[in-house]
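# Survey of secondary and tertiary structure
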Amino acid sequence: MTALLVIDQLSVRYDSRDVLRGLSLEVARGEIVALMGPSGVGKSTALRAVAALQAFDDGQIVVDGFALAPGPVPPESRLVPLRRRVGLVFQAHALFEHLTALDNVTLALRHVLGRTRDEAEAVATELLASLDVGSRASAWPGQLSGGEAQRVAIARALAPDPHLLLMDEPTAALDPARRSALGATLRRLCEQGRGLLVATHDAEFARAHADRVVSLTA
Amino acid sequence: MIASRLALCVLTSLGAQHPSPHVLVWGGDAEGGAPFVEADPGDPSQVRGFDVEVAARIARGLGGRTARFVQVQWSNIDQSVERGDFTLGLSGVEDTPTRRTRHAVTLPYFEFREVLAVRPEDAGRIHGLADLRGRRVATLGATIAYDLLVAARATTGLIPISYDDDVHPYGDLAQGRVDAVLLDHIIAQRALRRRGGSGFVILAQPVALGHYVGVLARANSALRDSVDAVLREAMRDGTLEQIFRRWDVWDPSQGALFDRISRNAAEAAGAAGAAGAARTRIPQAIAYLPSLARAAGVTLLVSILSMALAVLVGLALASGRVYGPVWLRLLTTVYVEVIRGTPLLLQLFVIYYGLAGVIRLPAFLAAVLALGLNYGAYEAEIYRGALEAVPRLQLEAARTLGFSELQILRLVRGPQALRFALAPMTNDFVALLKDSALVSVITVVELTKQTAIYATNVGSWVVPGALCALVYLAMSLPLARLARRLEQHWRPA
């Protein structure tokens, strides 16, 4: 099994305080890895570092052959290969408020990948339907429930077809029924050959749906 | 302490309205300057000038009173005298039919000629208004001269330019901003003296004749008759001639005027006006509608062009402040603070008059530039706030999707910021619509200025003021409505 993501001795410091110290983990294709630990232990920081939204001080991150080194975040122009490989679903979803659910998903397809509107809408419609929010395609973000918004956010992150999907606290706003549905969805994404790294403090969810659990302690 | 001083001020000003019977309170504009009324260089608390001495002569003739001067803006003399701020207005006040129907007006005591001033090289070509087709002719707003120019616009196609003072027209003539100035010969001669006799020449042939009069409140016609008697006496006994000779404004036409008046007071009063026959109020209002409409068009055009410039300047400044390197952020901050921290009026003067030595901007362009650059600073703050109001997480989400910074601005941040900015922008545009009235100080006749001219001519602010307010409302209300609709349209939920 080839490792899709390798995190080696990752350390992040804020004002000489260790937010993350020496985190190492690997995620393979077709694998769901849960990054566990109580709040404030650096789970989100680790995901942000992998998505190059956050500088780190020590260690190395390699995503599908693309390496990130310690120091400031490189300029976007040098991150293009990484952006194609990694998708991130924020805990707060962070949908674009001025666009419908469908347009949230088509935006990157059209303007980053250069698809036509028709092509992009076909892909987005299929993605939303596969995530069970096809009927909400024309809704505005403010009109979506927490679970719907999360699935639209997943669809948006999946639209450019990244190999690695990062998710931050995906179960935070979900009731138990929705949680297990989400687990099934993630499994399906995995089976398509993606790797998933899921930061969560939900031990039950991690046990039920992750292939491996990496625990961070304070 | 402050309260007692304030009370003293109030009492003093009340005193002006109820003076002792031994004092004649008269109003004039010392800003108009010599030889009419000016602050005495030897004692700036006192005024001097031929109108000052005429006022003193009138006061003396009214049972040995003393004259006390009250400063009033020239264009407000009529309104102030009706309000009772002073008893007699006297400061190069022109004899017009409207003034005669609205107020108690004295005999004419001085005859002036409306004369054209042109640059020396034009003196051979220009002999009268008819030679000024398509040329810019400056004068003081709300005067007989201005009415003459407006009337001549229709027949000769000249372009009247209205100023708020009688000094800048001659400076702008010498600099080539205007092609001629039409004003009273006293003012023209004074301006020529100030410029050391160069820069322009005064044409010998007058365009029209006019007369200076004193103006009293309409209800004060009995006192006006007494003032007339004093003036007649002063013409007979030579004191008026002495005054005019002292101020070097005596000429044979004054003697002829005095003769006419002594022969027949009624005839003189009838012959007074220079600006056509008396009109009734309603046709007058209708006659002003086209010029009000044109002025409203100027207001709208200045506002729209200024706002367009302000939006561009604001976007550039806001981008500099949000995205730029430290030095650019500093620079844009300095610009915003300097512009917001100084009066728009000052900026207008600097751009129009201050820069005249470097670049001579046409008045309209200077107005649009000043308003646009000024409002640009306010727009910049609105856009910066709006850009920063777009949640950071959305920007990060866009980055993880592979958008460039420019794409994020164009596709994610900009559209949402625009929504936040729309309401304050509309407010600013409505404010700009009204602030555009300030550009009249650099000779652009827009709605408020035209209304002021109208009001001065009819001697009342009631109808012109109401009309003007209606036009402003007609322009600003639909705008507010449009903004509300756009906001609703862009609201996501």
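The following refers to the structure shown. Since this is a predicted model, take the numbers as computed values, not measurements. (Residues numbered from 1 in each chain as written. Chains lettered and ligands numbered in written order. Predicted model: local features only at pLDDT ≥ 70, side-chain atom pairs only at ≥ 80, totals over all residues. Heavy atoms only, no water.)

## Remarks on the sheet that holds strand β5 (residues 66-68) of chain A
Residue and element names in this part refer to chain A.
- Spatial strand order, β2-β1-β4-β5: 4 strands in an open sheet with antiparallel pairing. Pairing within the sheet leaves two strands with one partner each, and these edge strands are β2 (17-28) and β5. Across the sheet, the mean angle from the axis of one strand to that of its neighbour is 15°, orientation sign disregarded.
- With 5 bridges joining them, strand β1 (residues 3-14) and strand β4 (residues 58-63) adopt antiparallel strand pairing. Within β4, the position partnered with Val-6 by the bridge is Val-62.
- Helix-sheet contacts for helix α1 (residues 43-50) involve β1, β2, β4 and β5, and the interaxial angle to β1 is about 120°. (Pairing = 2+ DSSP bridges. Helix = DSSP H or I, 4+ residues; strand = E, 2+ residues; numbered from the N terminus. Axes fitted to C-alpha atoms, helices over the stretch in contact; angles between N-to-C directions. Contact = heavy atoms within 4.5 Å.)

## A few points about the packing of helix α2 (residues 50-61) of chain B against helix α8 (residues 221-236) of chain B
Residues and elements named next belong to chain B.
- At a minimum axis distance of 9 Å, the contact between α2 and α8 shows a crossing angle of 110°. As summarised for this structure, α2 and α8 are arranged roughly perpendicular, according to the angle between their axes. Seen along the crossing, α2 lies across α8 with a hand that is right-handed. Within the contact between the two elements, α2 uses Val-54, Arg-57, Ile-58 and Gly-61 and α8 uses Val-227, Val-230, Leu-231, Glu-233 and Ala-234. (Parallel < 35°, antiparallel > 145°, perpendicular 65-115°, else oblique. Left-handed = near helix turned anticlockwise from the far one by under 90°.)

## Things to note about a nonpolar patch on the surface
Residue and element names in this part refer to chain B.
- A grouping of Leu-346, Val-350, Leu-355, Val-358 and Ile-359 is seen on the molecular surface, where their side chains present a nonpolar patch of about 440 Å² in accessible area.
- Along the chain, the position of Leu-346 falls in helix α14 (residues 344-352).
- Looking at Leu-346, the relative accessible area reads 44%, which means it is partly exposed. (Patch = residues over 30% accessible without salt bridge, like charges linked within 9 Å, V, L, I, M, F, W, Y side chains within 5 Å. Areas by Shrake-Rupley, 256 points an atom, 1.4 Å probe, with all protein chains shown as cover. Salt bridge = Lys/Arg side-chain N within 4 Å of Asp/Glu carboxyl O. Buried < 20%, exposed > 50% of the residue type's maximum accessible area, 1.4 Å probe, protein only.)

## Some details on the pattern of salt bridges
Residues and elements named next belong to chain B.
- Here the structure, examined in full by the defined rule, presents 39 salt bridges over all chains.
- Residues Arg-100 and Asp-95 are paired through a salt bridge, measuring 3.0 Å at the closest nitrogen-oxygen approach.
- One salt bridge in this structure joins Arg-119 and Asp-122, with 3.7 Å as the shortest N-O distance. The exposure classification of Arg-119 matches that of Asp-122, with both residues buried.
- Among the charged side chains, a salt-bridge network with shared partners connects Arg-119, Glu-121, Asp-122, Arg-125, Arg-135 and Asp-179.

## Considering the interface of chain B and chain A
- Each partner contributes residues to the interface: chain B has 20 residues there, and chain A has 26 residues.
- For the pairing of chain B and chain A, the buried interface totals around 2,100 Å² over both sides, and the portion due to carbon and sulfur atoms is 66%.
- Our count for the chain B to chain A interface comes out at 2 salt bridges.
- Between Glu396(B) and Arg48(A) there is a salt bridge, with its nearest N and O atoms 2.5 Å apart.
- At the boundary of chain B with chain A, the tally comes to 7 residue pairs in polar contact (both at pLDDT 80 or more).
- Elements with a contribution of two residues or more to the side of chain B that touches chain A: α16 (392-400) and α17 (405-435) of chain B.
- Element by element, the count of residues in the side of chain B that touches chain A is highest for α16(B), at 8 residues.
- Considered class by class, the residues forming the side of chain B that touches chain A number 10 nonpolar, 5 polar and 5 charged. (Buried area = accessible area lost by both parts, 1.4 Å probe. Polar contact = N/O pair within 3.5 Å; in protein donor to acceptor, adjacent residues only side chain to side chain. Nonpolar A, V, L, I, M, F, W, Y, C, P; charged D, E, K, R; others polar.)

## What to know about the sheet that holds strand β8 (residues 195-200) of chain A
Residues and elements named next belong to chain A.
- Here we have 5 strands laid out as an open sheet, ordered β6-β7-β8-β3-β9, and parallel in their pairing. This sheet does not close on itself; its edge strands, each paired only once, are β6 (86-89) and β9 (212-215). In this sheet, neighbouring strand axes are inclined to one another by 20° on average, regardless of whether the strands run parallel or antiparallel.
- Where helix α5 (residues 146-158) meets the sheet, it contacts β6 and β7 (164-168), and its direction lies at approximately 165° from that of β6.

## What about the packing of aromatic side chains?
Residues and elements named next belong to chain B.
- Evaluated as defined, the whole model comprises 14 aromatic pairs over all chains.
- A ring pair is formed by Phe-36 and Phe-50, whose centres lie 5.4 Å apart and whose planes are at 50°; its orientation type is tilted. Of this pair, Phe-36 sits in the loop between β1 (23-28) and β2 (38-40) while Phe-50 sits in helix α2; the two residues are 14 residues apart in sequence, bridging distant segments of the chain. Phe-50 carries the same exposure label as Phe-36, and that label is buried.
- Aromatic ring contacts, followed pair by pair, group Phe-36, Phe-50, Phe-110, Phe-112, Tyr-212, Phe-244, Trp-250 and Phe-258 into a single cluster. (Phe/Tyr/Trp six-rings, centres within 6.5 Å; stacked < 30°, edge-to-face > 60°.)

## Describing the nonpolar core
- Core analysis: the biggest nonpolar cluster contains 99 residues, and Phe50(B), Val54(B), Ile58(B), Tyr109(B), Tyr170(B), Leu240(B) and Phe244(B) have the highest contact counts within it.
- Beyond its immediate sequence surroundings of up to four residues, Phe50(B) is in contact with Pro35(B), Phe36(B), Tyr109(B), Ile186(B), Tyr212(B), Ile243(B), Phe244(B), Trp247(B) and Val249(B).
- Counting residues in hydrophobic clusters, the runner-up holds 58 residues, among them Leu5(A), Ala318(B), Phe403(B) and Val412(B). (Core = buried A, V, L, I, M, F, W, Y, C linked by side-chain atoms within 4.5 Å.)

## Topic: α5(A)
- End to end, α5(A) covers 18 Å across 13 residues, agreeing with the expected 18 Å (1.5 Å per residue, within 8%).
- Of all 13 residues making up α5(A), 12 are buried, and the element is well covered by its neighbours.
- Buried within α5(A) we find Gly147(A), Glu148(A), Ala149(A), Gln150(A), Arg151(A), Val152(A), Ala153(A), Ile154(A), Ala155(A), Arg156(A), Ala157(A) and Leu158(A).
- Of the surrounding secondary structure, the elements contacted by the buried residues of α5(A) are β6, α3 (101-111), α4 (117-130), β7 and α6 (176-191) of chain A together with α16 of chain B. (Expected span 1.5 Å × (residues − 1).)

## Focus on unusual backbone geometry
All names here are of chain A.
- Of note, the phi angle at Asp-64 is positive, near 50°, even though the residue is not glycine.
- Structurally, Asp-64 is set in the loop between β4 and β5.
- Notably, His-93 is not glycine yet its phi reads approximately 70°, a positive angle.
- Position of His-93 among the secondary structure elements: in the loop between β6 and α3.
- Its relative accessible area of 13% is what places His-93 among the buried residues.

## A few points about the side chain of Glu38(B)
- In this fold, Glu38(B) is placed in strand β2.
- Apart from residues lying up to four places away in sequence, Glu38(B) is in contact with Ala30(B), Gly33(B), Gln46(B), Val47(B) and Arg48(B).

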